[in-house]
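Structural features, examined
Here is how the chains run, residue by residue.
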Amino acid sequence: MKLRKISDRVAEPAPHAASSRGLNRRDFLRRSGLMAGGALLASGIAPGMMRRATAAGEAPAGEVKVVRTICSHCSVGCGILAEVRNGVWEGQEPAFDHPFNRGAHCAKGAAIREHGHGERRLKYPMKLVNGKWKRISWDVAINEIGNRLLEIREQSGPDSVYWLGSAKHSNEQAYLFRKLAAMWGTNNVDHQARICHSTTVAGVANTWGYGAMTNSYNDIHNSRAVLLIGSNPAEAHPVALQHIFKAKEENNAPIIVIDPRFTRTAAHADHFLQIRPGTDVPIVWGMLWHIFENGWEDREFIRQRVYGMEEIRKEVARWNPEEVERVTGVPGDKVRAAARAMAENRPGTFIWCMGGTQHTIGNNNTRAYCIFQLALGNMGVSGGGTNIFRGHDNVQGATDLGVLANTLPGYYGLKPGSWAHWARVWDLDLEWIKSRFDSGSYEKSKGRPVPVMNTKGIPVSRWIDGVLEEKGNVAQKDNLRAIFFWGHAPNSQTRGPEMKRAMEKLDLLVVVDPYPTVSAVMHDRTDGVYLLPASTQFETYGSITASNRSIQWRDRVIEPLFESLPDHVIMYKLARKLGIAEQLCKHIRVNGEEPLVEDITREINRGMWTIGYTGQSPERLKRQQKHWGTFDYTTLEAEGGPCDGEYYGLPWPCWGTPETGHPGTPNLYDGSRAVARGGLTFRARFGVERNGVNLLAEGFWSKGSEIRDGYPEFSDKLLRKLGWWKDLTPEERKAAEGRNWKTDLSGGIQRVAIAHGCAPFGNAKARAVVWTFPDPVPIHREPLYTRRRDLVARYPTYQDRKSFWRLPTRYSSIQAKDYSRDFPIILTSGRLVEYEGGGDESRSNPWLAELQQEMFVEIHPRDANDAGIRDGDTVWVEGPEGGRVRVKALITRRVASGVAFMPFHFGGHFEGRDLRGRYPKGADPYVLGEAANTVLTYGYDSVTQMQETKVSLCRIVRAG
Amino acid sequence: MARMKFYCDAERCIECNGCVTACKNEHEVPWGINRRRVVTIKDGEPGERSLSVACMHCSDAPCAAVCPVDCFYTTGDGVVLHDKEICIGCGYCFYACPFGAPQFPADGAFGTRGKMDKCTFCAGGPEEDGSPEEQRKYGRNRLAEGKLPLCAEMCATKALLAGDANVIADIYRQRVIMRGASVLGTGGLFRDRYLRMSPAADLRGASSAKE
Amino acid sequence: MRETTPIHRGGVILLLFALCLANPAVPAAEAVAGGETPIVVPNPGSDLWRAVRQREGATAEMPGTSQVKGSDSGTLIDARGEQWRRYRMERLIPAAGWILGGVLIVLGLFRLVRGQVPIEGGRSARRILRYRMAERIAHWSMALLFLLLAATGLVMLFGRTLLLPLLGGESFGRLAVLSKGTHDIAGPLFFVAMGWMFLRFVSRNLPEPGDLRWLLEGGGMVGDRHPSAGFFNTGEKIVFWLTVLGGTLMAVTGLLMLLPLLGADRFLLQLSHLLHSATAVVLMSAILGHIYIATLGMEGAMDAMKSGWADLNWARQHHDRWVEEVERHGGEIVEAGEIAGKAGQETSRDSPGASA
């Protein structure tokens, strides 16, 4: 009798949880054709063969190589030591000396080595033929896709193709992608930042200059109070908690959580304010009301560095405790306690995430947060700041590199000057670039037609409408007809049923991703879909920008598995087919089909003067990566060693050229240090004066500044006026003539300004009033789908807009109708720690998938009892726009009565149907489930077109 | 001689499950077998706390006491290990263990209870240290490599500690002094300073988000 | 997903364990988590687990939640394991030893005192057909499997105490693995054999009016009279029903313990083990008696189970009503010499003497 031992099974892949039993590794290899001599076999490496799998008896040979790389999940940027032997990723060790995570990981980071298995990956290029997936070669794929694109371009113009990029790209890939879209001739390019922190970027940048996290995770060590609103780092950024706990335990910093849900973070807070979803402005104004009422604000800071606080006072005065409680549901004493705790414990940090940004008034929310910190004087100090936790591992970088419909890399915008700047960096003829765009015009400015290249594109949140809206309503030549999902999960976007229709209406749908994603299955198409296998982040290398603006170099761990290719190789292949490869890589060396990553980094260095991406040369970044252990855990500054004095990741702005040796800026707007040592002022971005009021700083300057007051941004003219022109070298003078700090490619203007202790971008006040926005003073507006009809008259939404980012956008016409009777429960959404984004990657990782096997909706016991629902029942969650999902009920007090919550990582079921059979064989994630966004509804931010995912309505009924 | 222990700091554990996947990663533990898990008590309510649990490597281990074949042994470091060659998969250790640590795969053609698998404190089994045989049966032997269990090493918030009981006790004591709070405290300081409510008051408030 | 519903079973558990054990519930965690407590610093673990045990939502009676889905994964600490441990180590093993040993001693004494029960009037020349081939196979396969299960079960119960010191780790380990494997396979087969036997014999094992009297007379072991009996006497019926009901219980609890896929939680498993082991002791005791009678205790008792034919005198002595019935219906009663020829007819459908 042969008894099987568990040990015989250790190396086998996990059997599948519920349905279809998983293949074992050998079956998998055989079926995927890799046993029969794929490229990988030729190189002697069985893909995904692991240490334990190979270790069956014989001792493994070969040296173990330790590769330093960076986690690919969230924006914390945790360091990883990957142990590789014979090209196989055998082990993962904690990087104890990494300054961000000290070896720590969350569930996702601790399971990252599964990328070396990649069993559920998309393995080769595929094409949908009569509803069946057919394997094709790369050449065929690129050829067919290219021909179709050119045909569509011919018929409908370049704007009918949508380039949807990704925050999962490295900086170099993101940059190349944006450049590719520009060469193709469209601004219809965007990525996830639109739907995660676009309102932050817009709101924050318009308040004080840059739209990014001002301090760092590590700097929270210095905080004496921590306020989190719409942020659940315990699940979304678990490693951030190690820094927050340090402040909590060592500084006795009160942790205040404001959220509609009693989250895992709230469980560890000292104080929890449970607000009604969508009432961020009222709760912040409610706290500020107490601060102004008691004179807790920092008057001197406001006088020196803030414009427009008086107007804020007027708005805040309306938010007395009674009104705050009426609107948010939070009792007055709790609001007061939070305000007092923040006032008495300075500096305090203010953290927010998507709970604040994903609203129709997202930009109002983010500005209100900024103003709160300005009032307390918490800006520009270590331990203070607005610590905005970004989502994906490189969403900050992809945003900085302009994978956006409204800007070129570096937030240069789309103005003629912006294009001229980048044409110079690219060394291309501006007229040629212009000729690539549609020759018409879609909108007028001051009576004159605006060229298409200077017109904002369609944002990713609205691509559905770019396809479905009547041609006459879309402000471009034709509807969108083709779309690239280049590292994007469609289930992270609202309005599922409409998205399905849009996908079906397209002529061409191309998915470029390591996984097939929900884009491969959610529609009923039978052809016109291509799946191109992209490599993961660990199969290529390059730089990525963490949330705190630190740029880290990520090394390649393994060679691309299966037939996958790195994104920049695919971009090059496509560009060559489209006839723009030469321009795309004019100053980038190409090895075979792979553009040299370091050359792309150098090109980024040459052009990104606005936000100081200029000093982070590949050499400096690689040196820092090699010596990451020399950086301090709290200050991020290297003490001794080859990087002495530099901050980890050369957090942008890292001014001037690499040779300038700027150490990076650890905390933005911090006047206590010299600019050359990472100090900064608020940016002079909005002019010098408004209605007779000085917009420049008054009586404030950064350490060592030779101008001891506010000053405007630097240009050749200002240098001359100050008599500093002579400080430029002759070459610099030549380059700087007629330029400013943003466009001087020599970096001379920046160098000289910094040499005199000045910030190149000027020294101004932050503005509490953004007069260019629909709501100059942030005000509360009820969500489009609200239960509080009694508040609609007092806090109405915006009027509908006819053409906003090329599309009609609805507000009041939706809010006018009362849905609350039929859909009485507020629906909100959020994250789980085990999964990320649309979840295709993490749900395909058995170590993670086992921990979250079913999609669910959180319902308060009261609502459940009212609806006759028991814990574990299957229920239908139905939205007011007709979307519905079949999920499991989780009865919990995490949500308040009247509020339901769904995680948004699931996909692969659609309105009750299991789509597992539609995935290419062997590429279906272990866990499938309904997408929360199938139910979530219309609603877009009034500035950035951010989607509203945090407040909608629904009804929940037991499934029969 | 060191006496190895795990300790999970409930004030810091955020149920991120990093320890669970780190274990899966390090030992390639198959689906359905979890040598470590995180348990949350009072989920979604004030006072919610999470703890990561695995084999606690007890001094007077109940599993060893009830084992009908005496397959358990305690190493010099105080780590409780077992011999899969002797284990008969009866499940008694699972009945006796208060922490639910022993795991059993469904094995063979009929899915019968296979040989027991549990946390080894990353110390392998009776085979030669670091041998392929040991790795295959018990996973990696980190202790032999001079490393501590990966779950604790990778803990996101350094809640899970592993190592010499005395060292852990020291770390723990430092933290408690720093916090001035009990092991399962709920932020009494904030309440006293800012809320001045009766201690019994529910910080969360039943009236929140009412409409 | 995370589940929150606590399951309340406290009452049942307490009741059950209170019945089995007189011991008060002793908290386990201190003993197990306390460790080799250093002299100077208190073990943080003991503080923690003491605190945990006082918290709502940590214990088996009111579990918490866990993303790891498995038996009782939501339970942080379960003190019932300690109760089960005491049951097995301090009650079951000694008690089983005493009971089984006691039964053997009693039977031995009984034999010495009472001697073998002879066939009154000696063996007859005539034989009566008692068991057909199928029935004998059913009985013997069951019997064999029972013995196998008992032996391998006893290895699990007493092996560590008795065999391990004798055989040494390696040999005992091999024996234990073999025993457990045999037990796992023999168990389900036993259940099948038992089912077969049940179908063949159940109609003859239904209670009859005479059973009470038979019982009152102690089956003839007490006093000198032979109580009247049908095909099966009441003693045999008791063994039958004990085997069937006990066997079913053994099978169900055994499968629960054997197959993790059935998803039994720890409490159910502990309960299963408790029932399985207790029933095993009862059954083994009963079967010891059964075997005693068949072999040492009574002359001619095993004949029919060996050849199918019983001595007519023996049959009259112990199963008078059955013999009468067979004679009334002209059943198969033959001369001893004719048996060889009759053997071929054993395939006939109806069991001899099956009462309507």
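Note: the structure precedes this text.
Residues numbered from 1 in each chain as written. Chains lettered and ligands numbered in written order. Predicted model: local features only at pLDDT ≥ 70, side-chain atom pairs only at ≥ 80, totals over all residues. Heavy atoms only, no water.

**Thoughts on the overall build of chain B**
Within chain B, the regular secondary structure consists of 7 helices and 8 strands. Counting across all 211 residues of chain B, residues that qualify as buried make up 71%. Residue pairs at least 24 apart in sequence account for 55% of intrachain contacts in chain B once pairs closer than 6 positions are excluded. Per element, the accessible surface of chain B, about 6,200 Å² overall, is 54% carbon and sulfur. (Helix = DSSP H or I, 4+ residues; strand = E, 2+ residues; numbered from the N terminus. Buried < 20%, exposed > 50% of the residue type's maximum accessible area, 1.4 Å probe, protein only. Contact = heavy atoms within 4.5 Å. Areas by Shrake-Rupley, 256 points an atom, 1.4 Å probe, with all protein chains shown as cover.)

**Notes on the interface of chain B and chain A**
The partner chain A presents 89 residues to the 73 residues of chain B that form the contact. Summed over both partners, the interface of chain B with chain A comes to about 6,900 Å²; 52% of that surface belongs to carbon and sulfur atoms. Along the contact surface separating chain B from chain A lie 12 salt bridges. Notably, a salt bridge pairs Glu 93 of chain A with Arg 142 of chain B, separated by 2.6 Å at the nearest N-O pair. Applying the counting criterion to the chain B and chain A interface returns 25 residue pairs in polar contact (both at pLDDT 80 or more). Of all the elements in the fold, those that place two or more residues in the side of chain B that touches chain A are helix 1 (18-27), strand 6 (106-107), helix 4 (132-138), helix 5 (150-153), helix 6 (165-179) and helix 7 (188-195) of chain B. Per-class residue counts for the side of chain B that touches chain A are 27 nonpolar, 16 polar and 30 charged. (Buried area = accessible area lost by both parts, 1.4 Å probe. Salt bridge = Lys/Arg side-chain N within 4 Å of Asp/Glu carboxyl O. Polar contact = N/O pair within 3.5 Å; in protein donor to acceptor, adjacent residues only side chain to side chain. Nonpolar A, V, L, I, M, F, W, Y, C, P; charged D, E, K, R; others polar.)

**A word on the sheet that holds strand 2 (residues 79-85) of chain A**
Within a sheet, adjacent strands bond to each other through the backbone by hydrogen bonds, running parallel or antiparallel. Residues and elements named next belong to chain A. If you trace the 3 strands from one edge of the open sheet to the other, you get 1-2-3, paired in antiparallel fashion. Both outer strands of the open sheet, strand 1 (64-70) and strand 3 (88-94), are each paired with one neighbouring strand and no more. Taken pair by pair, the neighbouring strands of this sheet meet at an average axis angle of 30°, ignoring direction. Bridge count between strand 2 and strand 3: 6 bridges; the pairing is antiparallel. Bridging from a neighbouring strand, Val 84 pairs with Trp 89 of strand 3. (Pairing = 2+ DSSP bridges. Axes fitted to C-alpha atoms, helices over the stretch in contact; angles between N-to-C directions.)

**Quick look at the sheet that holds strand 28 (residues 825-830) of chain A**
Overall, mixed pairing links the 6 strands, which are arranged 28-32-29-31-30-36 (chain A) in a closed barrel. On average, each strand axis in the sheet is inclined to that of its neighbour by 45°, with strand direction left out of account.

**Here's the deal with unusual backbone geometry**
Cis geometry marks the peptide bond from Arg 346 of chain A to Pro 347 of chain A, where omega comes out at 0°. Tracing the backbone shows Pro 347 of chain A in the loop between helix 15 (332-344) and strand 12 (348-352). At Glu 15 of chain B, a position not held by glycine, the phi torsion is positive, near 55°. Among the secondary structure elements, Glu 15 of chain B is positioned in the loop between strand 1 (4-8) and helix 1. One non-glycine residue, Asp 70 of chain B, lies in the positive phi region at around 55°.

**Regarding empty space enclosed by the protein**
Residue and element names in this part refer to chain A. Going through the model one piece at a time under the given rule, you end up with 17 cavities of 30 Å³ or more. If you add up the space inside the largest cavity, you get close to 600 Å³. Every residue lining the largest cavity is counted, 45 residues in all, and those nearest its centre are Lys 168, Gln 192, His 392, Gly 487 and Ala 489. Put simply, the parts of the chain that give the lining of the largest cavity at least two residues each are helix 7 (193-196) and strand 17 (508-513). For the lining of the largest cavity, the class distribution of residues is 11 nonpolar, 25 polar and 9 charged. Its boundaries defined by the atoms lining it, the second largest cavity holds a volume of some 350 Å³. Along the walls of the second largest cavity sit 26 residues, with Gly 230, Gly 355, Ser 829, Gly 830 and Lys 950 positioned nearest its centre. Breaking the lining of the second largest cavity down by element, the ones donating at least two residues are strand 9 (255-259), helix 16 (354-357) and strand 28. Considering each element in turn, the lining of the second largest cavity owes the most residues, 3 residues, to strand 28. Classifying every residue of the lining of the second largest cavity by side-chain character gives 10 nonpolar, 11 polar and 5 charged. (1 Å grid on protein atoms, 1.4 Å probe; cavity = no way out; pocket = protein on both sides within 12 Å on 5 of 7 lines; lining within 4 Å. Points joined across faces, edges and corners; volume = space filled by probe spheres on them.)

**A closer look at a nonpolar patch on the surface**
All names here are of chain C. Among the surface-exposed residues, Leu 212, Leu 215, Leu 216, Ile 238, Leu 242 and Val 282 lie close enough to one another that they form a single nonpolar patch of about 570 Å² accessible area. For the nonpolar patch, the secondary-structure elements that each account for two or more residues are helix 7 (210-216) and helix 8 (234-258). No other element matches helix 7, which puts 3 residues into the nonpolar patch. Looking at where Val 282 falls in the secondary structure, it is placed in helix 9 (residues 266-297). With a relative accessible area of 45%, Val 282 lands in the partly exposed category. (Patch = residues over 30% accessible without salt bridge, like charges linked within 9 Å, V, L, I, M, F, W, Y side chains within 5 Å.)

**Some details on the pairing of strand 31 (residues 884-891) of chain A**
Residues and elements named next belong to chain A. In terms of burial, strand 31 is largely enclosed, as 6 of its 8 residues are buried. Note that strand 30 (residues 874-878) and strand 31 share 5 bridges and pair antiparallel. What sits directly across from Trp 876, in strand 31, is Arg 886. Joining the antiparallel neighbours strand 30 and strand 31 is a turn of 5 residues, in which Gly 882 adopts a positive phi near 100°.

**Thoughts on the packing of helix 19 (residues 416-426) of chain A against helix 25 (residues 597-607) of chain A**
Residue and element names in this part refer to chain A. At their nearest, the axes of helix 19 and helix 25 sit 10 Å apart, and the two run at 140° to each other. Classed by the angle they form, the pair helix 19 and helix 25 counts as oblique. Both helix 19 and helix 25 take part in a crossing whose hand is right-handed. Contacts between helix 19 and helix 25 pair His 421, Trp 422, Val 425 and Trp 426 from the former with Glu 603, Arg 606 and Gly 607 from the latter. A breakdown of the residues in the contact of helix 19 with helix 25 according to their chemical character gives 3 nonpolar, 2 polar and 2 charged. (Parallel < 35°, antiparallel > 145°, perpendicular 65-115°, else oblique. Left-handed = near helix turned anticlockwise from the far one by under 90°.)

**Section: the pattern of salt bridges**
Inspection of every chain in the model, using the stated rule, returns 108 salt bridges over all chains. Ionic pairing is found between Arg 136 of chain B and Glu 133 of chain B, a salt bridge with its closest N-O pair at 3.1 Å. Here Arg 136 of chain B and its partner Glu 133 of chain B are both found in helix 4, 3 residues apart, which amounts to about one turn of the helix. Glu 135 of chain C is paired through a salt bridge with Arg 200 of chain C; the nearest N and O atoms lie 3.6 Å apart. Of the two residues, Glu 135 of chain C is situated in helix 5 (residues 133-167) and Arg 200 of chain C in helix 6 (residues 169-201); the sequence distance between them amounts to 65 residues. Counted as one network, the salt bridges with shared partners bring together Glu 83 and Glu 93 of chain A together with Glu 26, Arg 140, Arg 142, Glu 145, Lys 147 and Glu 153 of chain B.

**So, the packing of aromatic side chains**
Residues and elements named next belong to chain A. One pass over the structure, following the stated rule, counts 55 aromatic pairs over all chains. Ring centres of Tyr 412 and Trp 422 lie 5.8 Å apart, and the angle between their planes is 85°; this geometry places the pair in the edge-to-face category. Pair noted here: Tyr 412 is in the loop between helix 18 (395-400) and helix 19 and Trp 422 is in helix 19, with a separation of 10 residues, a long-range link. Assessed through its relative accessible area of 0%, Trp 422 is described here as buried. Look at Phe 631 and Tyr 648: their rings are 5.1 Å apart centre to centre, the planes differ by 65°, and that puts the pair in the edge-to-face class. (Phe/Tyr/Trp six-rings, centres within 6.5 Å; stacked < 30°, edge-to-face > 60°.)

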